[in-house]
There are 2 protein chains.
Amino acid sequence: MKIVLIGAGNLATNIGKALAGRGHDLLQVYSRTAESAERLAALLHSDYTTSLSEVKDEADLYLVAVKDSVLADVAEQLAKGHPDRFLVHTAGSMPMETLPTRRKGVLYPMQTFSKEREVDFREIPCFIEASNAEDAEQLRALAQTLSDKVYEANSEQRKYLHLAAVFCCNFVNHCYALSEKLLKENGGLPFDVMLPLIDETARKVHELSPREAQTGPAVRWDTNVMEKQLQLLEDKPELQDIYKALSKSIHLMT
Amino acid sequence: MKIVLIGAGNLATNIGKALAGRGHDLLQVYSRTAESAERLAALLHSDYTTSLSEVKDEADLYLVAVKDSVLADVAEQLAKGHPDRFLVHTAGSMPMETLPTRRKGVLYPMQTFSKEREVDFREIPCFIEASNAEDAEQLRALAQTLSDKVYEANSEQRKYLHLAAVFCCNFVNHCYALSEKLLKENGGLPFDVMLPLIDETARKVHELSPREAQTGPAVRWDTNVMEKQLQLLEDKPELQDIYKALSKSIHLMT
């Protein structure tokens, strides 16, 4: 497909590289900043622009991978004078209706992207939605060139997917970060000592449901250990709040 | 070494199997309940007893893997009339001084154990402590037959290790469980769709520090997304508490 890529952030970079790698024709990259646009365009062997009014008109699909906060505005500018463009955004928590064109869709790759890490797109679950059956087919075909795991999800379902991803990824990673901080401040053991435990915790839920896999003081409601651990966090009220809220919730689910 | 194993729970089972597999001589298993004692003794080709007063006297080491709440009491009974026994407990959050004998130590394998899953002990970080240099050497030698990752950690450091493990494992797993619940209640997507994200989140911190790896609305302080996600949790005040506490803490660390 002939694609114009709107955005040059982590997600745009990762999806752009994957699309180019699958033989799609990346006509052009748009970014507000010339440096980002140029850098990504060079990677994708495409043209670039920093002006939405100079976006090329002959693409089959405009893939809009920009920050949620500017999505509506960017989409409106892309649609102005071009009501027939097929706009597709990539945002988990934005409804498809944010896009003003008649032909529109969503392709939400549920993964955590960092510039420093290459990810294998084939493994990434992609959730698609489109405003009509024909565009849905086109979008499915496109998504299937990227990933082996393509699902349909409407805007309502996608909101919850994105929320679930915040729990499974962003909050999980922060738990890692807090444990790194605790080790550093108390005896200086390196964070590496936690990696086997982190890996096993992730592997376990491939076989058991997370409810079955739960271990630790809160599931046993071992108030003796929990009180001692809260005391260790005496001078960290934000960590105590987290400890209490998560322990209570584990207990409620038991 | 000749070892008596006190306890027959998840940890005792896993460590007992690992010790037997490395050629140690498991003389006897003790458990309060005959059924558990017999089951584990059969696995380890050892004798068993349900009475602490009938524990054999010729072991080099008594490995006490029982619930924290009964550890002090069990240790006291083992020591009564046998002040020279070398007692070693396995609990992350209990000080070595819980043991009343002159020769004592701790061997804390930091991992999440479930009866359903076989774990590779070689990969498990084991933290050791002993009351004198000679016993420390013996305990290190024993631990090294089990694991490639043996560290020394005193009781103070171990408390924080255990707390860090609660964050990296128990709290992380509960985030998985909450995400499973959210998916189930909203559109019924299977939890499996989260596994690639879970795996990548765990893999990422092998290369980046968790602070560098952080993504999501809270690190961008995207209040628009955060408010919408809190609304989705409107009828779940405990989840809102968790969402707020973790988002605030991510923000504080940024």
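Thresholds, definitions, all that
- Position numbers for residues start from 1 in each chain and track the written sequence from start to end.
- Note on labels: chains are lettered from A, ligands numbered from 1, in written order.
- In keeping with the model being predicted, local features are shown solely for residues with a pLDDT of at least 70 and side-chain atom pairs are shown and tallied solely at 80 or more, while totals for entire chains, interfaces and linings include all residues.
- Think of the side-chain values as coming from all heavy atoms in the structure, minus any hydrogens and water.
- By the criteria applied, helices consist of DSSP H or I runs no shorter than four residues and strands consist of E runs no shorter than two, each listed in order from the N terminus.
- Contacts described as polar in this section are N or O atom pairs within 3.5 Å, which, within protein, must combine one atom able to donate a hydrogen with one able to accept it, while residues neighboring in sequence count only if both atoms come from side chains.
- Any two residues having at least one pair of non-hydrogen atoms within 4.5 Å are treated as being in contact.
- Buried area, as used here, totals the accessible surface that two parts lose on assembly, with accessibility defined by a 1.4 Å probe and the loss added over both.
- For salt bridges, the criterion is a side-chain nitrogen of Lys or Arg within 4 Å of an Asp or Glu carboxyl oxygen.
- Think of it as three bins: nonpolar holds Ala, Val, Leu, Ile, Met, Phe, Trp, Tyr, Cys and Pro, charged holds Asp, Glu, Lys and Arg, and polar takes everything else, Gly as well.
- Residues below a pLDDT of 70 in either copy are left out; the C-alpha atoms of the rest, at least 70 in both, set the least-squares superposition of the copies.
- Multiply 1.5 Å by the residue count of a helix minus one, and that product is the helix's expected span.
- Only protein chains enter the area calculation, which uses a 1.4 Å probe; residues under 20% of their type maximum are buried, those over 50% are exposed, and those in between are partly exposed.
- The arc in question is the one traced by the directions running from the helix axis out to the C-beta atoms.

**Some details on the side chain of B:Thr112**
- Position of B:Thr112 relative to the elements: it lies in the loop between β6 (104-109) and β7 (126-130).
- Of the polar contacts made by the side chain of B:Thr112, one reaches the side chain of A:Lys204; its length is 2.6 Å.
- Engagement of the side chain of B:Thr112 in a polar contact is seen with the side chain of A:Thr215, the distance being 3.1 Å.
- Once residues lying within four places of it in the same chain are set aside, the contact partners of B:Thr112 are A:Leu197, A:Glu200, A:Thr201, A:Lys204, A:Thr215, B:Val119 and B:Cys169.

**Considerations on the interface of chain A and chain B**
- Contacts between the two partners involve 88 residues from chain A, matched on the other side by 88 residues from chain B.
- Together chain A and chain B conceal approximately 8900 Å² of surface at their shared face, both sides included; 69% is due to carbon and sulfur atoms.
- Of all residues in chain A, A:Arg117, A:Tyr160 and A:Phe167 give up the largest surface area on contact with chain B, accounting jointly for 8% of the area buried on that side.
- Scanning the region where chain A abuts chain B turns up zero salt bridges.
- The interface formed by chain A and chain B includes 23 residue pairs in polar contact (both at pLDDT 80 or more).
- At the level of secondary structure, the elements contributing two or more residues to the side of chain A that touches chain B comprise α5 (155-185), α6 (195-204), α7 (210-213), α9 (223-232) and α10 (237-253) of chain A.
- For the side of chain A that touches chain B, the element with the most residues is α5(A), which contributes 26 residues.
- Its residues assigned to classes, the side of chain A that touches chain B comprises 49 nonpolar, 21 polar and 18 charged.

**Overview of the relation of the copies chain A and chain B**
- Mapping chain A onto chain B calls for a screw motion: a turn of 180° about the axis and a shift of 0.0 Å along it, with 0.1 Å RMSD after fitting. What we have between these two chains is a two-fold relation. Relative to the rotation axis, the C-alpha of A:Val172 is the closest in chain A, positioned 2.6 Å from it.
- Comparing contact sets, 100% of the residues at the interface of chain A also lie at the interface in chain B, consistent with an isologous, same-surface contact.

**Comments concerning helix α4 (residues 133-146) of chain A**
Residues and elements named next belong to chain A.
- Between its first and last C-alpha, α4 extends 20 Å over 14 residues, near the 20 Å set by a 1.5 Å rise per residue.
- Within α4, the full set of buried residues consists of Asp-135, Ala-136, Leu-139, Leu-142, Ala-143 and Leu-146. The arc that holds every buried residue of α4, seen down its axis, measures 130°, which confines them to one face. Those residues of α4 that are exposed and angled more than 90 degrees off the buried face are Ala-133 and Glu-134.
- The opening residue of α4 is Asn-132, an N-cap whose side-chain oxygen sits 3.0 Å from the backbone nitrogen of Glu-134.

Any link to function would need more than the numbers given here.
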